[in-house]
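As a plain string of letters, each chain reads:
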Amino acid sequence: LNSNANKHTMTAAMRRRRKKMWTLCGVLLLLLVYLGGWYQRLDEQFFELHTCPACYGQTLCSQLLRDEYSSHSKIELTGFTSWKIINFFNVKNVYYGQSGENSIVLKKLAHNSELKEFDQNLCKASKETENCDVSQAIKNILIKTNHNFSQIISRYPQLFEISEGVRCNHNRSIQNLYDNYIKIDAGPYHHHHFITMLAVNMEPLILNAYQQQQWFPFLHGMCGRVMVENYVGPTLTQLSQVPWIVRADYAHQLLELAQDFSEGEFRLYLTDVSLDNFAVDSKGKVKIIDAENIVMVDPSIPGLDPTEHVNDGFGCRDCLSFSYEDLCGHTFSDHNFFAVCKGILSSSAFSQDLPEGLLHSPPSWVFEEYPLLLSLVEDCAGHPSGTNAYTHALPTRRKAAAALHTQLLTVLQKGGKPS
């Protein structure tokens, strides 16, 4: 009896403590809402304008800051990211909004901790560690290097630790990004904005330089440390269970993307093929919605290895294994085909949400009429005949990718899905 009584007393005490804890959490939440407001305001603090010109630019500030004289549609946050309390959980700093009839995405392009680290490195590089003003620090660095981008990258590598854009440090590819950027920002601080984006996240630079290509969303512009682009649509993760013939169309497009990126004037190599990094628009077109993880290579650089680099996936079975040295040191590579086939399409894809691959569960008529299709996927992925063992000499991957692309097109036409 005493034992049962003690258990009852302990349970009641635990309930009281739990009730007190939830009451305290509720009070704190109400206090935060009272002090900060329920909705996220698009103000100078949100855009961190005090950091400029160590920011991404100010081409879109008139829309975002509600300038009454602006002729453009006002931009407003929508959905759950318009709630201020979400800032405590929105570690990726991605917000959704509306501009007229267009759905848009606002990105700060880095976690708060990454932006803080960039500011600290900026201050150290300019040797202003006490009461440092990052806006002045970046001005000092540009003056010291005479606005020479290559010199800044070489002299202050700590600023570019998280940047894929400078891994190769090929001058012509960086110059190409800059030449396209000054078409939208020719102001007195455009050098500062360019270096900041190159160091923190080059996504706006990629979107701007390749705006004419079908693979990227439309870039609206920047304000402070926020970039605005079109909302594309649901991600491939969200579309992983749509009818197989629709997924086959997505696979066909991904192979075309791999081809385009591998043979352009500047090679663009994907280093993150998460399904969440690709989305499909209202017309069924696949686009990259996170262009941060792309390595740019200038194949015209003298001394590069003219033979094709073959990514054998060595050292990592369940992730995208690659070498920056190999990508930067060759005129061309099969890396993008490996990333798409092994990372997204194969029966042992990298995605935890879809480990069976985007082409899972094909209908019986595909097996009957196109028995080699899934074998081509595995050949392209690097483990022929459906095995999980990688081969370490894969000169046939590009050939397998081309054959897979052709067969998918035939299947789509047969299945009534034009591509």
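Here is a short report on the structure shown in this document. All values derive from a computational prediction rather than experimental measurement.

## Looking at the pairing of strand β2 (residues 94-99)
Then, number 1: Judged by which residues are buried, β2 turns out to be one-sided: Y95, G97 and S99 face inward and are buried, whereas V94, Y96 and Q98, on the alternate face, are not.
Then, number 2: As defined by bridge partners, strand β1 (residues 75-77) adjoins β2 across 3 bridges and the pair is classed as antiparallel. Residue pairing in the sheet places I75 in a bridge with S99 of β2.
Then, number 3: Pairing of β2 with strand β3 (residues 102-107) involves 6 bridges; the strand directions are antiparallel. The partner of Y95 across the bridge, within β3, is L106.
Then, number 4: Taking the residues between adjacent antiparallel strands as the criterion, β2 and β3 are bridged by 2 residues, where G100 takes a positive phi near 65°.

## Regarding helix α12 (residues 335-345)
Then, number 1: A large share of α12 lies buried, amounting to 11 of its 11 residues.
Then, number 2: Every buried residue belonging to α12 is among H335, N336, F337, F338, A339, V340, C341, K342, G343, I344 and L345, and all of these are buried.
Then, number 3: As for α12, its buried residues are in contact with α10 (244-263), β6 (267-270), β7 (278-280), α11 (324-329), α14 (373-381) and α15 (397-414).

## Regarding a positive patch on the surface
Then, number 1: A cluster of like positive charges, contributed by R15, R16, R17, R18 and K20, occupies part of the molecular surface.
Then, number 2: Its place among the elements puts R15 in helix α1 (residues 2-36).
Then, number 3: Accessibility expressed as a relative area gives 55% for R15, which makes it exposed.

Rules of the game
Residues numbered from 1 in each chain as written. Predicted model: local features only at pLDDT ≥ 70, side-chain atom pairs only at ≥ 80, totals over all residues. Heavy atoms only, no water. Buried < 20%, exposed > 50% of the residue type's maximum accessible area, 1.4 Å probe, protein only. Helix = DSSP H or I, 4+ residues; strand = E, 2+ residues; numbered from the N terminus. Pairing = 2+ DSSP bridges. Contact = heavy atoms within 4.5 Å. Patch = residues over 30% accessible without salt bridge, like charges linked within 9 Å, V, L, I, M, F, W, Y side chains within 5 Å. Areas by Shrake-Rupley, 256 points an atom, 1.4 Å probe, with all protein chains shown as cover. Salt bridge = Lys/Arg side-chain N within 4 Å of Asp/Glu carboxyl O. Lys, Arg positive; Asp, Glu negative; His and termini not counted. Charge placed at Lys NZ, Arg CZ, Asp CG, Glu CD.

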